[in-house]
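# Coordinate analysis (summary)
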Amino acid sequence: MTSTTSRKLTLDDIADVRAYERERAAVRAEVIETKRRRRISFGTVLTLMFENRLTMRYQIQEMARVEKLVTDADIQEELDIYNTMIPEPGQLCATLFLELTNDEQMRVWLPKLVGIESAIVFVLANGDRVRSTVDEQHAAGLTRTEVTAAVHYLRWEFTPAQVESFASGPVQIEIDHPEYLEVVELLDNTREELLGDLRN
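Figured I'd write up the structure that's included with this text. Since we're looking at a predicted model, the values are computed, not measured.

About the cut-offs
- Residues numbered from 1 in each chain as written.
- Predicted model: local features only at pLDDT ≥ 70, side-chain atom pairs only at ≥ 80, totals over all residues.
- Heavy atoms only, no water.
- Pairing = 2+ DSSP bridges.
- Helix = DSSP H or I, 4+ residues; strand = E, 2+ residues; numbered from the N terminus.
- Axes fitted to C-alpha atoms, helices over the stretch in contact; angles between N-to-C directions.
- Salt bridge = Lys/Arg side-chain N within 4 Å of Asp/Glu carboxyl O.
- Contact = heavy atoms within 4.5 Å.
- Buried < 20%, exposed > 50% of the residue type's maximum accessible area, 1.4 Å probe, protein only.
- Polar contact = N/O pair within 3.5 Å; in protein donor to acceptor, adjacent residues only side chain to side chain.
- Phe/Tyr/Trp six-rings, centres within 6.5 Å; stacked < 30°, edge-to-face > 60°.
- Lys NZ or Arg CZ within 6 Å of the ring centre and 35° of its normal.

This part covers the sheet that holds strand 5 (residues 129–131). Strand order in this open sheet of 4 strands is 5-4-8-9, and the pairing throughout is antiparallel. A strand with exactly one partner marks an edge of an open sheet, and here the two such strands are strand 5 and strand 9 (180–185). The sheet shows a mean angle of 20° between the axes of neighbouring strands, direction not considered. Where strand 4 (residues 120–123) lies against strand 8 (residues 172–177), 4 bridges are found, and the strand directions are antiparallel. Its bridge partner being in strand 8, Val121 is matched across the sheet by Glu174.

On to the pattern of salt bridges, then. Pairing between side chains of opposite charge can happen when their charged atoms approach one another. One pass over the structure, following the stated rule, counts 16 salt bridges. For Glu193, the salt bridge goes to Arg37, with nearest N and O atoms at 2.7 Å. Pair noted here: Glu193 is in helix 7 (residues 188–198) and Arg37 is in helix 1 (residues 17–38), with a separation of 156 residues, a long-range link. Through salt bridges with shared partners, one network takes in Glu33, Arg36, Arg37, Arg38, Glu193 and Asp197.

The 5 strands are arranged 1-2-3-7-6 in an open sheet whose pairing can be described as antiparallel. Of all the strands in the sheet, just strand 1 (39–42) and strand 6 (133–134) have a single pairing partner and so form its edges. Here 7 bridges tie strand 3 (residues 91–98) to strand 7 (residues 151–157), and the two strands are oriented antiparallel to one another. Across the sheet, residue Cys93 finds its bridge partner in strand 7, namely Arg155. Taken strand by strand, helix 7 contacts strand 1, strand 2 (46–50) and strand 3, and its axis lies near 125° from that of strand 3.

Once that is clear, we can look at the side chain of Asp197. Structurally, Asp197 can be placed in helix 7. Residue class for Asp197 comes out buried when judged on its relative accessible area of 7%. Side chain to side chain, Asp197 and Arg38 meet in a polar contact 2.4 Å long. Apart from residues no more than four positions distant in its own chain, Asp197 is found in contact with Arg7, Arg38, Glu51, Asn52, Pro87, Glu88, Pro89, Gly90, Gln91 and Leu92.

Next up on the list: the packing of aromatic side chains. Here the structure, examined in full by the defined rule, presents 7 aromatic pairs. With centroids separated by 5.5 Å and ring planes inclined at 40°, the aromatic side chains of Phe50 and Trp156 adopt a geometry described as tilted. Residue Phe50 is located in strand 2, and its partner Trp156 is located in strand 7; the two are separated by 106 residues in the primary sequence. Judged by centre distance (5.9 Å) and plane angle (50°), the rings of Phe122 and Phe166 are tilted. In this pair, Phe122 sits in strand 4 while Phe166 sits in helix 6 (residues 160–168), placing the two residues 44 residues apart along the sequence. Ring pairs connect the aromatic residues Phe50, Phe122, Trp156, Phe158 and Phe166, which therefore count as one cluster. Positioned above the aromatic ring of Trp109 is the side chain of Lys112, whose terminal nitrogen or guanidinium carbon lies 4.3 Å from the ring centre.

This is the structure in structure tokens:
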């Protein structure tokens, strides 16, 4: 069970490569099912993947496996990068993917969607609107004035009252970028999944 004061991963949470190989199939199956509940598509181009401790541990374990990271220093570097994407109570964190599969799509969409990282808003039952902010650690490398990136790391900060409104539902996510206007209402199972992130 994770601490109520912090959900961040430490070196002790990351298995060495041999130990991870033994658990990898089971972990992967759990992560796939978890991501299914936490992934939301908006139209044909944009997907949000809401991250948590499980998805970030998997990300780090897979990076260590592929890149053969074995020292504590190497693993700590990955922890420092990905721990920012594990939400604390009152937060949601997500990776935003622009699902662009060829050069032509990238030429069209990346300039059009500059600013998309600040255009994703939770609309709560009480009328409150909670807008995305960019994770500071990743902002410098991903946000440019003339062309956006295909991946962004986002965070939303909720007050206790907003968490309770989220819990009562319904909850919508609205994209209010002028070049990409979309609204999705969260399914109950997704709302309950994300409510676990927002509460202790």
